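Report on the structure
Here are the chains, one letter per residue:
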Amino acid sequence: MAIGTALAWHAAPTMVLAIVLAFFFGYSMTLFAVFRVGLPLKAALGVALAADTLSITTMEIVDNGVLLLLPGAMDAHLADGLFWWSLALAFAVAFLVTAPINRRLIARGKGHAVVHRYHRH
């Protein structure tokens, strides 16, 4: 959001960039973790997709939805308190929605639990 806002992009391309970056960095962090334990690329990609897809998708739907629903949030500039306040609120609401989903997935051995199998103790 900050990049698109800084570049004075409209809402749609700003959100597309935010979503693409969320998936890129989300999957990258998981890939880095499972590569460290020696998983080959194909297996690592499978783990990342299984671990992060639902979580990132939910997070992006909720946080972007909150930003779209808050009056003026998508038109606020980086120097505006509204930009930072609305972004923090959107992340907080998305966390509150996503955390129980992740918890259920982990309890069933899915989602982030897939990555936990590869953590070194």
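See above for the structure.
The rules behind the values
Residue numbers here run from 1 along each chain, matching the order of that chain's written sequence. Thresholds applied to this predicted model are a pLDDT of at least 70 for local features of residues and 80 or more for the giving and counting of side-chain atom pairs; totals over whole chains, interfaces and linings are not thresholded and use all residues. Hydrogens are left out, water is left out, and the side-chain values use all remaining heavy atoms of the structure. Secondary structure elements are taken from DSSP: a helix is a run of H or I of four residues or more, a strand is a run of E of two residues or more, and numbering for both begins at the N terminus. Using a 1.4 Å probe on the protein chains alone, a residue whose accessible area is under 20% of its type maximum counts as buried, one over 50% counts as exposed, and one in between counts as partly exposed. Two rings belonging to Phe, Tyr or Trp (six-membered ring only in the last case) form a pair when the distance between their centres is within 6.5 Å. Interplanar angles under 30 degrees mark stacking, angles over 60 mark edge-to-face geometry, and anything in between is tilted. In this description, a line fitted to the C-alpha atoms serves as the axis of each element, helices being fitted only across the stretch in contact, and the angle between N-to-C directions of two axes falls anywhere from 0 to 180 degrees. By definition, any crossing whose near helix is turned counterclockwise from its far helix by less than a right angle is left-handed, and any crossing with a clockwise turn is right-handed. Side-chain classes follow a simple rule in which Ala, Val, Leu, Ile, Met, Phe, Trp, Tyr, Cys and Pro form the nonpolar group, Asp, Glu, Lys and Arg form the charged group, and the remainder, Gly included, forms the polar group.

1. Examining the side chain of Ser55
With respect to the secondary-structure elements, Ser55 resides in helix 3 (residues 41–69). A relative accessible area of 11% means that Ser55 is categorised as buried.

2. A look at the packing of aromatic side chains
Scanning all chains against the criterion turns up three aromatic pairs. Seen in terms of ring centroids, Phe83 and Trp84 are 4.7 Å apart; in terms of plane orientation they differ by 85°. Their pairing is edge-to-face. Residue classification places Trp84 among the partly exposed residues on the basis of a relative accessible area of 44%.

3. So, the packing of helix 2 (residues 11–36) against helix 3
The interhelical angle for the contact between helix 2 and helix 3, taken along N-to-C directions, is 150°, at an axis separation of 8 Å. Note on packing geometry: the crossing formed by helix 2 with helix 3 is right-handed. A breakdown of the residues in the contact of helix 2 with helix 3 according to their chemical character gives 18 nonpolar, five polar and two charged.

So yeah, pure geometry; function would need other evidence.
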